[in-house]
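# Coordinates in review
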Amino acid sequence: MEEIKNYLITHEDVEMHPSEIAKLLKELTDEEFSEAIKIVPKDLVGDVALALPDRYFEDIVENLSVADLSYAVAELESDDQLEFMQELEDVDENVAAEVFKTLDEEDKEEIETLQKYDDDEAGAYMQLEVFTSYEDEVVQDVIKRFARLRKENELENVQNLFIVDRRDKLLFTVGLDELLIFDFSKTIKENIQASEDTFEPKIARDNEDIKEVVHYFEEYDLSVMPVVDGDGTLLGRITSDDIYDIINEHATEQMYNLAGVDDEAEEDDVIQAGKKRASWLAVNLLTAIAASFVIGMFEQTLQSLVALAILMPIVASMGGNAGTQTLTVVVRQLALGDISNGDALRILKKEIFIALMNGLVFAIVMGIIAWVWFDISLLGIVIGLSMIINLFMAGFFGAVVPLGLKMLKIDPAIGSTVILTTVTDVVGFFSFLGLATYILL
């Protein structure tokens with residue numbers, strides 16, 4: 001608590017970054033946090049709140065007045081205003097309604113405009129604040145206007161000038177670095193015509209899938225991207241900081257899905273989180289029963305040769321790990337857009353080859369170990385063949401499952417691990433015990 005007080009006092013004449021304050025706040029106890037949030041500069045509260053994990057938002061709402069919260073919203077850019085209000089509604093709808101009433105009409109209109117879009121549409125992530133000019137404006141006048149707006153804090157994080165016609169149709173995009181080397185005495189259009197560079201904008205449609213927009217940023221190394229409607233009218237912009245957040249959220253979501261837990265489980269109470277995880281555990285229980293049923297089919301085989309029970313988990317474990325490796329690689333490549341629709345067969349062949357190569361290597365290694373360990377040469381052959389079969393199936397299904405889910409327009413990470421584990425366990429046990437029954441008994 002004293003640390004953040006001292007920090008705020010010693011930095012009162014310096015523009016503090018919200019993430020630095022958020023980092024200090026996360027180190028405090030609940031009681032200390034309740035006091036500390038009250039001394040955070042009011043114009044930074046909104047940014048600090050969004051930089052903190054969601055679980056802190058309730059404490060912020062409880063310790064700040066409606067007027068403070070309203071001021072915090074007003075200081076944010078339009079996309080952050082929407083995010084703040086959504087968080088506020090999740091905590092307390094009544095407080096959110098009161099805060100919304102106190103906002104000026106312009107802020108209300110911007111929030112309502114962004115609320116019309118679905119979570120997977122580009123329009124939901126755009127900032128409505130853009131710096132524009134007409135192509136017949138003189139460069140010097142544009143720069144003077146930019147300086148005035150920046151001084152009045154009407155513009156933040158501006159990287160590009162968007163050139164529009166009189167109906168706000170987007171024509172060109174000019175970086176501020178390019179604008180500074182234009183001939184200040186000429187119009188924007190004259191400079192563009194005289195330049196050898198291209199100023200054709202790479203655009204995002206407001207109803208376009210945000211994942212496609214993320215790929216644009218990655219492919220073209222963009223820092224900002226204009227958003228237009230179906231008629232080409234400029235609506236706003238998406239900046240790289242929003243894209244970073246989206247990439248992080250998507251990566252986190254995939255990690256949760258692969259682990260079979262809900263991506264919001266951390267924010268729920270213990271009982272709710274337990275219920276969400278229990279559903280996947282129930283599925284896992286059924287798959288485990290299926291694997292146990294396969295083992296039960298070979299009860300007499302296991303009783304005849306105890307060594308099989310000792311070696312059996314090795315086959316399943318190797319298959320499971322090999323499958324997880326394939327699954328992780330394919331799911332990540334799908335998420336990054338590195339696998340096109342025509343790439344499925346190539347990926348499948350590659351993963352099967354890798355699985356067979358590793359299967360052959362470890363089949364030889366484990367076959368020798370089993371032979372030496374139990375002094376039964378045929379046992380080494382059994383476990384070797386079983387390992388080749390299981391690693392082959394692991395590579396095959398580790399690639400087929402996510403590719404198949406992708407074709408069905410289902411997140412490849414959802415359920416893939418459960419399906420793969422079932423296959424490797426069942427195939428591993430069945431192949432090992434089946435071969436043992438046929439060869440050894």
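Scroll up for the structure.
Residues numbered from 1 in each chain as written. Predicted model: local features only at pLDDT ≥ 70, side-chain atom pairs only at ≥ 80, totals over all residues. Heavy atoms only, no water.

Time to look at the overall build of the protein. When its secondary structure is counted, the protein shows 20 helices and 6 strands. Over its C-alpha atoms the protein spans a radius of gyration of 30 Å, topping by over 25% the 22 Å that the globule rule assigns to 441 residues. C-alpha atoms of the protein, sized along the principal axes, occupy 90 × 60 × 40 Å. Each of the 441 residues in the protein was classed as buried or not, and the buried ones make up 43%. A fraction of 67% describes how many contacts in the protein between residues 6 or more apart in sequence connect residues 24 or more apart. Total accessible area on the protein is roughly 24000 Å²; 54% of this is exposed by carbon and sulfur atoms. Computed over 32 positive and 85 negative side-chain charges, the inter-centroid distance for the protein is 5 Å. (Helix = DSSP H or I, 4+ residues; strand = E, 2+ residues; numbered from the N terminus. Rg over C-alpha atoms; globule rule 2.2 N^0.38 Å. Buried < 20%, exposed > 50% of the residue type's maximum accessible area, 1.4 Å probe, protein only. Contact = heavy atoms within 4.5 Å. Areas by Shrake-Rupley, 256 points an atom, 1.4 Å probe, with all protein chains shown as cover. Lys, Arg positive; Asp, Glu negative; His and termini not counted. Charge placed at Lys NZ, Arg CZ, Asp CG, Glu CD.)

A separate point is the packing of helix α19 (residues 377-407) against helix α20 (residues 416-440). Remark: α19 packs on α20, axes separated minimally by 8 Å, with the N-to-C direction vectors making an angle of 155°. Here α19 is positioned roughly antiparallel relative to α20, judged by the angle of their axes. Our pair here, α19 against α20, has a crossing hand that is right-handed. Residues belonging to the contact of α19 with α20 are distributed by class as follows: 21 nonpolar, 7 polar and no charged. (Axes fitted to C-alpha atoms, helices over the stretch in contact; angles between N-to-C directions. Parallel < 35°, antiparallel > 145°, perpendicular 65-115°, else oblique. Left-handed = near helix turned anticlockwise from the far one by under 90°. Nonpolar A, V, L, I, M, F, W, Y, C, P; charged D, E, K, R; others polar.)

On to the sheet that holds strand β6 (residues 234-239). If you trace the 3 strands from one edge of the open sheet to the other, you get β4-β5-β6, paired in mixed fashion. Because the sheet does not close on itself, it has two edges, and the strands there are β4 (204-205) and β6. (Pairing = 2+ DSSP bridges.)

This next bit is on the side chain of Thr187. Within the element layout of this structure, Thr187 appears in the loop between α11 (176-179) and α12 (188-194). Accessibility expressed as a relative area gives 16% for Thr187, which makes it buried. Discounting chain neighbours no more than four positions away, the residues touching Thr187 are Glu135, Asp136, Glu137, Val138 and Val139.

Among the nonpolar cores identified, the biggest contains 49 residues, and Leu25, Leu69, Phe84, Leu88, Val213 and Ile238 are the most heavily contacted of them. In terms of residues, this core owes the most to one element, helix α13 (residues 210-220), which gives 5 residues. If we ignore the near neighbours within four places in the chain, the residues touching Ile238 are Ala122, Tyr125, Met126, Ile210, Val213, Phe217, Ser223, Val224, Met225, Val227 and Ile243. Formed by 25 residues, the second largest nonpolar core is a distinct cluster that contains Ala291, Leu305, Ala322 and Leu391. (Core = buried A, V, L, I, M, F, W, Y, C linked by side-chain atoms within 4.5 Å.)

Quick look at the packing of aromatic side chains now. As enumerated under the stated definition, the model contains 8 aromatic pairs in all. For the pair Phe392 and Phe396, a centre-to-centre distance of 6.3 Å together with 20° between the ring planes defines the contact as stacked. Of this pair, Phe392 and Phe396 both sit in helix α19, separated by 4 residues, roughly a single helical turn. For Phe392, a relative accessible area of 29% puts it in the partly exposed group. (Phe/Tyr/Trp six-rings, centres within 6.5 Å; stacked < 30°, edge-to-face > 60°.)

The next point concerns the pattern of salt bridges. Under the defined criterion, the tally for this structure stands at 6 salt bridges. The closest approach of N and O atoms between Glu105 and Lys108, which form a salt bridge, is 3.7 Å. Within this pair, Glu105 and its partner Lys108 are both found in helix α9 (residues 105-115), separated by 3 residues, close to a single helical turn. Lys108 sits in the buried class, given a relative accessible area of 16%. With a closest N to O distance of 3.3 Å, Arg145 and Glu137 form a salt bridge. Judged by its relative accessible area of 19%, Glu137 is buried. (Salt bridge = Lys/Arg side-chain N within 4 Å of Asp/Glu carboxyl O.)

Once that is clear, we can look at the pairing of β6. Counting buried residues along β6, 5 of its 6 residues qualify, which places the element largely inside the surrounding structure. One ladder, built from 5 bridges, connects strand β5 (residues 224-228) with β6; its direction is antiparallel. Opposite Val224, over in β6, you have Thr239 as the bridge partner.

Packed helices, taken two at a time, are described by their axes: the angle between them and the distance between them. α19 packs onto helix α18 (residues 344-374) with a crossing angle of 160° between their chain directions and a minimal axis gap of 7 Å. Comparing their axes, α19 and α18 come out roughly antiparallel. In the packing of α18 onto α19, the handedness of the crossing is right-handed. Of the residues contributing to the contact of α18 with α19, the split by class is 23 nonpolar, 7 polar and 1 charged.

A cluster of acidic side chains, namely Asp54, Glu83, Glu89, Asp90, Glu93, Asp241, Asp245 and Glu249, defines a negative patch on the protein surface. Sorting the residues of the negative patch by element identifies α7 (78-91) and α14 (240-259) as the ones contributing at least two each. On the basis of relative accessibility, which here comes to 32%, the residue Glu83 falls in the partly exposed class. (Patch = residues over 30% accessible without salt bridge, like charges linked within 9 Å, V, L, I, M, F, W, Y side chains within 5 Å.)

Each strand in a sheet pairs with its neighbour through backbone hydrogen bonds, running either in the same direction (parallel) or in the opposite one (antiparallel). Spatially, 3 strands are ordered β1-β2-β3 in an open sheet, and the strand pairing comes out mixed. The open sheet has two free edges, formed respectively by β1 (132-134) and β3 (170-175), since each of these has just one partner strand. Averaged over all neighbouring strand pairs, the angle between strand axes comes to 30°, with direction disregarded. With 5 bridges connecting them, strand β2 (residues 160-164) and β3 associate as antiparallel partners. Each residue of the ladder has a partner; that of Leu161, found in β3, is Val174.

Quick look at the environment of Val224 now. Note that Val224 resides in strand β5. For the pair Val224 and Val401, spaced 177 residues apart in the sequence, the C-alpha separation amounts to 36 Å. The contact partners of Val224, leaving out residues within four places of it in the chain, are Gln159, Asn160, Phe162, Phe217, Arg237, Ile238 and Thr239.

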